[in-house]
Each structure stands twice: as C-alpha cells, then as structure tokens.
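Descriptive structure summary
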Amino acid sequence: MMHIAQNILDAVNEWLTPTFDNETQVAIKELMTTSPKELEESFYKNLEFGTGGMRGVMGVGNNRINKYTLGKNTQGLSNYLHTVFPEQVLKVVIAYDCRHNSQSLAKVVANVFSANGIQVYLFSDLRPTPELSFALKYLVSTLLKKPRTT
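Remember, it's a predicted structure, so these values are computed and weren't measured experimentally. (Residues numbered from 1 in each chain as written. Predicted model: local features only at pLDDT ≥ 70, side-chain atom pairs only at ≥ 80, totals over all residues. Heavy atoms only, no water.)

**Looking at helix H5 (residues 102–115)**
The cut-off we apply is this: Put simply, DSSP marks the helices as runs of H or I at least four residues long and the strands as runs of E at least two long, and each gets a number from the N terminus on. Helix span, as expected, comes to 1.5 Å for every residue beyond the first. We call a residue buried when its accessible area falls under 20% of the maximum for its residue type, exposed when it is over 50%, and partly exposed in between, using a 1.4 Å probe and counting protein chains only. Taking the helix axis as origin, the arc is that swept by the directions to the C-beta atoms. Any two residues whose heavy atoms approach within 4.5 Å at even a single point are treated as in contact.
Along its 14 residues, H5 runs 20 Å from first to last C-alpha, staying within 8% of the 20 Å computed at 1.5 Å per residue. When we look at burial in H5, the residues that qualify are Ser 102, Leu 105, Ala 106, Val 109, Ala 110, Val 112 and Phe 113. The arc that holds every buried residue of H5, seen down its axis, measures 160°, which confines them to one face. Exposed and facing more than 90 degrees away from the buried side of H5 are Asn 111 and Ala 115. Contacts from the buried residues of H5 go to helix H4 (67–84), strand S3 (91–94) and strand S4 (119–122). Gly 117 sits one or two residues past H5 and shows a positive phi near 75°.

**A closer look at a nonpolar patch on the surface**
Short version of the rule: For patch detection, residues must exceed 30% relative accessible area and be free of salt bridges, and they are connected within 9 Å for like charges or within 5 Å for nonpolar side chains (Val, Leu, Ile, Met, Phe, Trp, Tyr). Surface exposure here means Shrake-Rupley accessible area, sampled with a 1.4 Å probe, where a residue is shielded only by the protein chains that are shown. Just to be clear on terms, a salt bridge is a Lys or Arg side-chain nitrogen sitting within 4 Å of an Asp or Glu carboxyl oxygen.
Side chains of Leu 77, Tyr 80, Val 84 and Phe 85 sit close together on the surface and give an oily, nonpolar patch of about 350 Å² of accessible area. Within the element layout of this structure, Tyr 80 appears in helix H4.

Listed below in structure tokens is the structure:
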C-alpha cells in the first residue's frame, strides 16, 4: 500500500466536498482506488501560471487543468486587475483552439471575468493565437482613439 502525504489527503478531501461537482468527486474516488500515484500527481501542488499562461495535464485536482483551477486563477487575475486599474472599465479578449475542452474552459474563464464586472470579448469559434493578438491590439487601438470633433 502506498503512503500518501497529509497535504495531498487534505487537498483531496477538500475536492470531495459539495463545492465540487459530483462528476469530479467520482473521478477522484476512482483515482483513489485505481491509481494512487496519479492521485498524488494531481494534488501535490497548485498548477502554476507561467509565462505561457496555464499549461498542464487535464484532469481533476489542483495540479491539473480543469474548470476549478482555471476559475480560481481567473478570479485571482480579476482581483489583480481591479487593484491595479481601479475605477477603470476593464475588458478582456478570450479565444480558444481545437484542444479538448478548450471552448467550454474559455466559457468558464469568460463567466468568471463577467461575474467580476469585466467586459468580455469571446470569440464564437476557434481561432489561431495570432488572431487573438490582432483582436487585442485592434480593440485597444480602437478604444484609445479619440472621437473626432468637427
């Protein structure tokens, strides 16, 4: 039998509360019985936000890409934006690609931003990264243009 560290058990137990949906809880219980090593890998640390955003394996746990880790990090980003840009209208542009669950996860992120009073521009279908970059630059340049007076 494999020993699982207390910090991992604490994280697992938190994810087994009603805060998390039933499907997530079932997946965690399955890992507990069939793959304790994967369970440990899924919960031993919080997924980090790096220079390329959040990257990692999709699955349950705080060290995986899922609606909870993305939602939590989007909330943190929302808090940061409101702190750094108080009293300003905040806007974000969100795109997604062809990877599994990309569209549904983009909607989770959009919903968290919206719930924080941040205006969201969400593409209606998948886009390449350069198009997102263009949309952001175009939006910024359009918003910063001063109206003409005649």
